Amino acid sequence: MKILICSDGTSSAQTAIDLVALLAGPVTAETTLLGIAERSEDEQPLCEALQTQAQSLRQRGVSPDIVVRFGEPILQIVQQTSKSKYDLVVIGARWTGAVGQYWRSKRTY
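Residues numbered from 1 in each chain as written. Predicted model: local features only at pLDDT ≥ 70, side-chain atom pairs only at ≥ 80, totals over all residues. Heavy atoms only, no water.

Visitor: An account of helix H3 (residues 73-83) is needed here, citing residue identities and associated values.
Guide: Regarding H3, the residues found buried are Gln 76, Ile 77 and Gln 80. Down the axis of H3, the buried set is contained in an arc of 100 degrees. They therefore lie on one face. Measuring from the side-chain oxygen of the N-cap residue of H3 to the backbone nitrogen of Ile 74 gives 3.2 Å; that N-cap residue is Glu 72. (Buried < 20%, exposed > 50% of the residue type's maximum accessible area, 1.4 Å probe, protein only. Helix = DSSP H or I, 4+ residues; strand = E, 2+ residues; numbered from the N terminus. Arc of directions from axis to C-beta. Polar contact = N/O pair within 3.5 Å; in protein donor to acceptor, adjacent residues only side chain to side chain.)

Okay, here's the thing in structure tokens:
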């Protein structure tokens, strides 16, 4: 099994890390941790955060490869998944607002 974790390096992405740790560890999945720097000044903090997240995975028996790309996140994710096929892609990022097309569920009580 191959799993791709897309992380923006923030603590909000830790939920994705935790989810993948639960799945990847028991099945010894080949795991890649992908970070995307949109600006050059984001590169160093992103790399440091990805190293910390990778250590969190290693402590749970998952040995991720770390890949850092530059540019627009969605395009870079598509390029990564086109280059290598994954069975599961998990995206962890902070909420920045609703843009583009999305679905929202309305609850009535």
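On we go.
Visitor: Tell me about the environment of Gly 35, and please be specific about residues and values.
Guide: Tracing the chain through its elements places Gly 35 in strand S2 (residues 30-37). Separated by 31 residues in sequence, Gly 35 and Ile 66 place their C-alpha atoms 7.8 Å apart. When neighbours within four sequence positions are excluded, Gly 35 is seen to be in contact with Ser 7, Leu 46, Leu 50, Val 67, Val 68 and Arg 69. (Contact = heavy atoms within 4.5 Å.)

Visitor: Kindly report on the packing of aromatic side chains, identifying the contributing residues and their values.
Guide: Applying the stated criterion to the full structure yields 0 aromatic pairs. Sitting over the face of the ring of Tyr 86, Lys 2 holds its NZ or CZ atom 5.1 Å from the ring centroid. (Phe/Tyr/Trp six-rings, centres within 6.5 Å; stacked < 30°, edge-to-face > 60°. Lys NZ or Arg CZ within 6 Å of the ring centre and 35° of its normal.)

Visitor: Which residues make up a nonpolar patch on the surface, and what values do they have?
Guide: The grouping of Leu 19, Leu 22 and Leu 23 at the surface amounts to a nonpolar patch, some 290 Å² of accessible area in total. Among the secondary structure elements, Leu 22 is positioned in helix H1 (residues 14-27). For Leu 22, a relative accessible area of 66% corresponds to the exposed category. (Patch = residues over 30% accessible without salt bridge, like charges linked within 9 Å, V, L, I, M, F, W, Y side chains within 5 Å. Areas by Shrake-Rupley, 256 points an atom, 1.4 Å probe, with all protein chains shown as cover. Salt bridge = Lys/Arg side-chain N within 4 Å of Asp/Glu carboxyl O.)

Visitor: Explain the pattern of salt bridges residue by residue, including any values.
Guide: Under the criterion given, the structure shown has 4 salt bridges. We note a salt bridge from Arg 39 to Glu 41, for which the minimum N-O separation is 3.4 Å. For Arg 39, the salt bridge identified is with Asp 42, shortest N-O distance 3.0 Å. According to the relative accessible area criterion, Arg 39 is partly exposed, its value standing at 48%.

Visitor: Requested: an account of the sheet that holds S2, with residues and values cited.
Guide: What the 4 strands build is an open sheet, ordered S3-S2-S1-S4; its pairing is parallel. Single-partner strands in this sheet number two, and they are strand S3 (65-70) and strand S4 (88-92). Averaged over all neighbouring strand pairs, the angle between strand axes comes to 20 degrees, with direction disregarded. One ladder, built from 5 bridges, connects strand S1 (residues 2-7) with S4; its direction is parallel. Counted as the bridge partner of Ser 7 is Gly 92 from S4. Along the sheet, helix H2 (residues 43-58) makes contact with S1, S2 and S3, crossing S3 at roughly 160 degrees. (Pairing = 2+ DSSP bridges. Axes fitted to C-alpha atoms, helices over the stretch in contact; angles between N-to-C directions.)

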